[in-house]
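# A look at the structure
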Amino acid sequence: MEKELRVGMVGYAFMGAAHSQAWRTVNRVYDLPARARMSVICGRDESKVAEAATRLGWEAYTTDWRELITRDDVDVIDVCTPGDSHAEIAIAALEAGKHVLCEKPLANSVEEARAMVAAAVQAQTAGVRSMCGFNYRRVPAVALMRQLIESGRLGVVRHVRAAYLQDWIVDPQFPLVWRLQRDKAGSGALGDIGAHIIDLTQFVTGQQITGVSGLTETFVKERPLPSAAAGLAALADGSATGPVTVDDAALFLARLDGGAVGTYEATRFATGRKNAVRVEINGSLGSVAFDFERMNELEFYDASAPGTEQGFTRILVTESDHPYMSAWWPPGHIIGYEHTFTHEMRDFLDAVGSGADPTPSFVDALQVQLVMDAVTRSAEQGSAWTEVAPALAEVAA
């Protein structure tokens, strides 16, 4: 019998809206062992959270997340807040017996992430589940990329190339929003978008990053203070400025535990690039490349084909037997960004509803955090080679 999971979500801005759309949609398109009920949304500003509840489709609202996690009408806590509150909310929710879905990056520091993992491991013994929301895993073309690599179609993986490029803070007059403050965001481009490509490449290759040489840069070191509540749409009045305390760009070389080498770039200063995510994997038998600006496509090169027929093949990932696509439209009818979150909720509900642990786990997210920490430490030490401790070994210890 279908189980009802009553969701309480903390946060209602960009990610809150994306998650709300997914919670509204997921059970209407997928047949799952659990059904999500959008019970309560939480935010600090009562007028804004009340409006968000009506607009996004939540039954009730509250301004106190501590009250939210004690409610009898909530089974799942969905954390969509800035990183500085992830650990406190998620740990308290797990200790209260609530399943937890937490946005990436998992925390603002390795120490916080370790504490979250410890809470998740303890909660697991009582059947309480947790997951970190790396939505790009849920792009059908990315899931197909993983299948091709896992099945051996690329042979031995040798090269990993990943870039996530944005340009929304190129203007030096853009205000000092929370994403540019270390105490709230933890890091800049590295944690905001670099976390995605770290997780994505480890996911598709099945290999983990074991060492890095990193470089970070902050191009605009002072910005106008926002004249309104912090957010991407805040306006600056120009009367005062504050320091930018995070990186604007992060680049690093990496080695992976399967023998591959990698290059990674994350920047919010790539003028003209709005949300460009590109990953290419080269192996001994072929290559595969993904570009999020063409998210329904995958490029595949089969080196075993006759020389007269070799070349990158464009695969349109819209067939019903492609990952996640059975719920959507006829072949050739493409899907978009919002579907990645619907797929995320699908996997979460499927796992929790069937009594399994969803992925990526908090341990998986800790691995990403350990890589980011190593990149930061390497950059601080003149790009010195820095080892990355495996998260599973930490948990076992």
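As a reminder, the structure under discussion sits directly above these lines.
All values reported here derive from a predicted model rather than from experimental measurement.

### Details of the packing of helix α4 (residues 86-95) against helix α5 (residues 110-124)
- At a closest axis distance of 9 Å, the pairing of α4 and α5 adopts a crossing angle of 10°. As the angle between them shows, α4 and α5 are arranged roughly parallel. Side by side, α4 and α5 meet where H86, A87, A90, I91 and L94 of the first sit next to E112, A115, M116, A119, A120 and A123 of the second.
- Looking at the contact of α4 with α5 residue by residue, the class counts come to 9 nonpolar, 1 polar and 1 charged.

### Quick word on the packing of helix α8 (residues 189-205) against helix α10 (residues 362-380)
- Contact pair α8 / α10: the axes reach a minimum separation of 10 Å and the direction vectors enclose 120°. Comparing their axes, α10 and α8 come out oblique. The two elements α8 and α10 cross, and the hand of that crossing is right-handed. Mapping the contact onto sequence places L190, G191, A195, I198, D199 and Q202 in α8 and Q367, V368, V371, M372, V375 and T376 in α10.
- For the contact of α8 with α10, a count of residues per class yields 7 nonpolar, 4 polar and 1 charged.

### Overview of the pattern of salt bridges
- Enumeration over the complete set of coordinates arrives at 28 salt bridges.
- Close ionic contact of R37 with E59 constitutes a salt bridge, the shortest N to O distance being 2.7 Å. Here the residue R37 occupies a position in strand β2 (residues 34-42), and E59 occupies one in the loop between α2 (46-56) and β3 (60-62), the gap between them amounting to 22 residues.
- Here R37 falls in the partly exposed class, since its relative accessible area comes to 35%.
- The salt bridge involving R146 is made with E150; its shortest N-O contact spans 3.8 Å. Here the residue R146 and the residue E150 both occupy positions in helix α6 (residues 140-150), the gap between them amounting to 4 residues, near one helical turn.
- Given the relative accessible area of 27%, R146 is considered partly exposed.
- Ionic contacts of the salt-bridge type, sharing partners, join the residues R161, R278, E280, R294, E297, E299 and R314 into one network.

Rules used in this analysis
Residues numbered from 1 in each chain as written. Predicted model: local features only at pLDDT ≥ 70, side-chain atom pairs only at ≥ 80, totals over all residues. Heavy atoms only, no water. Axes fitted to C-alpha atoms, helices over the stretch in contact; angles between N-to-C directions. Helix = DSSP H or I, 4+ residues; strand = E, 2+ residues; numbered from the N terminus. Parallel < 35°, antiparallel > 145°, perpendicular 65-115°, else oblique. Contact = heavy atoms within 4.5 Å. Nonpolar A, V, L, I, M, F, W, Y, C, P; charged D, E, K, R; others polar. Left-handed = near helix turned anticlockwise from the far one by under 90°. Salt bridge = Lys/Arg side-chain N within 4 Å of Asp/Glu carboxyl O. Buried < 20%, exposed > 50% of the residue type's maximum accessible area, 1.4 Å probe, protein only.

Scope: geometric values only; no functional claims are made or implied.
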